[in-house]
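An overview of the molecular structure
This is what each chain is made of:
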Amino acid sequence: MSTLHFHQTTTSTPEQFIAGLTDFGPGRSKLFGNSADEYLKVHQRGPCEADVTEGSGGIWERLHYDWSDPNRVVMTTTDSNIWGGASGHIYTFTRNPNGTTDIDAVVVREGKNLKGKVLGFVLGTIGKGVLESAFGNSVKAIEARNAGASQVRQGQQPA
């Protein structure tokens, strides 16, 4: 089992980041590179939770999203072709006095078969940088999305 910890500071508010994280519409892969549209299926969605299957590259997982706490999103893996056990993601948000937000992400990968165990080991060692880079790209994409929405509200054309 691999447990990976990531940290980023963003100009997005927790609400803006959660809005991006829980936007299960087409184009999700623009925010989250490991969530291809052809894998995306929303089974159920409520005001503060969702049951969603997503993935890419032959790897999929069904996740229960819970964003009932405005400072935390918990994504629990309920089914997957390679992940099981304690697999999932937790995003914790801390508002800073300067208007930025610290995001702490914990990703747990517990393989349920040989492919999952090997991939979990790789992610926990040499592959951590790939997931860290993907996390950074998601933070930047959500910031850009929010900057574009802010410009539209102010009557400007987004860049």
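An account of the accompanying structure is given in this report. (Residues numbered from 1 in each chain as written. Predicted model: local features only at pLDDT ≥ 70, side-chain atom pairs only at ≥ 80, totals over all residues. Heavy atoms only, no water.)

1. Some words on the overall build of the protein
From N to C terminus, the protein includes three helices and seven strands. What you see in the protein, going N to C, is helices and strands ordered as β-α-β-β-β-β-β-β-α-α. Against the 2.2 N^0.38 benchmark of 15 Å for 159 residues, the protein shows a C-alpha radius of gyration of 16 Å, consistent with a compact globule. C-alpha extents for the protein along the principal axes are approximately 55 × 30 × 30 Å. Each of the 159 residues in the protein was classed as buried or not, and the buried ones make up 40%. If you take every contact in the protein between residues at least 6 apart in sequence, the share linking residues at least 24 apart comes to 45%. Accessible area for the protein stands at about 8400 Å²; split by element, carbon and sulfur atoms hold 55% of it. The positive charge centre, built from 15 side chains, and the negative charge centre, built from 16, are 3 Å apart in the protein. (Helix = DSSP H or I, 4+ residues; strand = E, 2+ residues; numbered from the N terminus. Rg over C-alpha atoms; globule rule 2.2 N^0.38 Å. Buried < 20%, exposed > 50% of the residue type's maximum accessible area, 1.4 Å probe, protein only. Contact = heavy atoms within 4.5 Å. Areas by Shrake-Rupley, 256 points an atom, 1.4 Å probe, with all protein chains shown as cover. Lys, Arg positive; Asp, Glu negative; His and termini not counted. Charge placed at Lys NZ, Arg CZ, Asp CG, Glu CD.)

2. Digging into the nonpolar core
Here is a general trend for soluble globular proteins: nonpolar side chains tend to be buried in one another's company. Formed by 29 residues in total, the largest nonpolar core has its most connected members in Tyr65, Val73 and Tyr91. Of all the secondary structure elements, the ones that give two or more residues to this core are strand S1 (2–10), helix H1 (14–21), strand S3 (49–56), strand S4 (59–69), strand S5 (72–80), strand S6 (88–95), strand S7 (101–109) and helix H3 (128–153). Ranked by residues supplied to this core, first place goes to H3 with five residues. In this view, Val73 contacts Ile18, Leu21, Tyr65, Asp66, Trp67, His89, Ile90, Tyr91 and Phe93; residues no more than four positions away in its chain are not counted. (Core = buried A, V, L, I, M, F, W, Y, C linked by side-chain atoms within 4.5 Å.)

3. Focus: a nonpolar patch on the surface
Taken together, Leu114, Val118, Phe121, Val122 and Ile126 make up a surface patch of nonpolar side chains, about 550 Å² in accessible area. Within the element layout of this structure, Val122 appears in helix H2 (residues 114–124). (Patch = residues over 30% accessible without salt bridge, like charges linked within 9 Å, V, L, I, M, F, W, Y side chains within 5 Å. Salt bridge = Lys/Arg side-chain N within 4 Å of Asp/Glu carboxyl O.)

4. Describing the pattern of salt bridges
If you walk through the whole model with that rule in mind, you get six salt bridges. Among the ionic pairs, Arg28 bridges to Glu54, the shortest N-O distance being 2.9 Å. Of the two residues, Arg28 is situated in the loop between H1 and strand S2 (41–45) and Glu54 in strand S3; the sequence distance between them amounts to 26 residues. The pair Arg28 / Glu54 is uniform in exposure class, with both members buried. A salt bridge links Asp51 to Arg62, with the nearest nitrogen and oxygen atoms 2.5 Å apart. Pair noted here: Asp51 is in strand S3 and Arg62 is in strand S4, with a separation of 11 residues, a long-range link. On the basis of relative accessibility, which here comes to 16%, the residue Asp51 falls in the buried class. Residue classification places Arg62 among the partly exposed residues on the basis of a relative accessible area of 27%.

5. Focus on H1
Along an α-helix, residues three or four positions apart point the same way, because every turn accommodates 3.6 residues. Every buried residue of H1 is accounted for by Pro14, Phe17, Ile18, Gly20 and Leu21. Along the long axis of H1, the arc covered by the buried residues comes to 160°, so they all point the same way. (Arc of directions from axis to C-beta.)

6. Overview of the packing of aromatic side chains
Considering all chains together, one arrives at five aromatic pairs under this definition. Both rings, one in Phe24 and one in Tyr65, keep their centres 4.9 Å apart while their planes meet at 80°; by these two values the pair is edge-to-face. Placement of the pair is Phe24 in the loop between H1 and S2 and Tyr65 in strand S4, with a sequence separation of 41 residues. In this pair, the class of Phe24 matches that of Tyr65, namely buried. Look at Tyr91 and Phe135: their rings are 6.2 Å apart centre to centre, the planes differ by 45°, and that puts the pair in the tilted class. Linking Tyr91 in strand S6 with Phe135 in helix H3, this pair joins segments that are 44 residues apart in sequence. Tyr91 gets classed as buried once you look at its relative accessible area, which sits at 10%. Grouped by ring-pair contacts, the aromatic residues Phe6, Phe17, Tyr91, Phe93 and Phe135 constitute a single cluster. (Phe/Tyr/Trp six-rings, centres within 6.5 Å; stacked < 30°, edge-to-face > 60°.)

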